[in-house]
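Topology and contacts: notes
One letter stands for each residue in the lines below.
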Amino acid sequence: MSIEATLAEKGITLPDAPAPAANYVPFVKSGNLIFVSGQISADENGLIKGKLGDGMSVEDGAAAARRCGLSLIAQLKAAIGDLDGVKRVVKLTGFVNSTPDFTDQPKVINGCSDLMVEVFGDAGRHARAAVSAPSLPLGVAVEIEAIFEVA
């Protein structure tokens, strides 16, 4: 089944690929790798802001991370056109806006990791880092960058 068919079957709609907010490009292709710049948590209502460990639940953080994942896939589609050209998700690096005592960063970034496996199957399994940050751009809850291998 094609990736587009998988998205449709699962009721997953990709957002438009977000424009860069500063002096950088949304993705770089180097050989058969696509490096996608960090995507911040946002949905159709705007930015998803908050700090994990201070009024924002792990479930809310995981939902924000999933939204980052949708933007990552949207940028990937903008880079290569046909998502069937994805050989694998190589690595995710997730940043969680959290208090110093918050320790569930991996559970938050699972929102994106689970999406990658849901969309790409075994090719969606990846290496990963999930780290805390005392703040993120514009006060968002999560930012995630990715590396994809393409055909």
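By the naming in an unreviewed UniProt entry, the chain goes by RidA family protein and is assigned to Paracoccus maritimus.

So, the nonpolar core
One finds Leu72, Met116, Phe120, Val142, Ile144 and Phe148 to be the most contacted residues of the largest nonpolar core, which totals 34 residues. Mapped by element, the contributors of at least two residues to this core are helix H1 (3-9), strand E2 (33-40), helix H2 (58-80), strand E5 (86-97), helix H3 (105-120) and strand E7 (142-150).

Some details on the sheet that holds E5
Strands sit in the order E1-E2-E7-E5-E6 across an open sheet of 5 strands; the sheet is mixed. One side of each edge strand has no neighbouring strand; the edge strands of this open sheet are strand E1 (27-30) and strand E6 (127-133). Averaged over all pairs of adjacent strands, the angle between strand axes in this sheet comes to 15 degrees, irrespective of strand direction. As paired strands, E2 and E7 are joined by 6 bridges and run antiparallel to one another. Along E7, the bridge assignment pairs glutamine 39 with isoleucine 144. Across the sheet, H2 touches E1, E2, E5 and E7, and the angle it forms with E7 is around 40 degrees.

Rules used throughout
- Residues numbered from 1 in each chain as written.
- Predicted model: local features only at pLDDT ≥ 70, side-chain atom pairs only at ≥ 80, totals over all residues.
- Heavy atoms only, no water.
- Core = buried A, V, L, I, M, F, W, Y, C linked by side-chain atoms within 4.5 Å.
- Buried < 20%, exposed > 50% of the residue type's maximum accessible area, 1.4 Å probe, protein only.
- Helix = DSSP H or I, 4+ residues; strand = E, 2+ residues; numbered from the N terminus.
- Pairing = 2+ DSSP bridges.
- Axes fitted to C-alpha atoms, helices over the stretch in contact; angles between N-to-C directions.
- Contact = heavy atoms within 4.5 Å.

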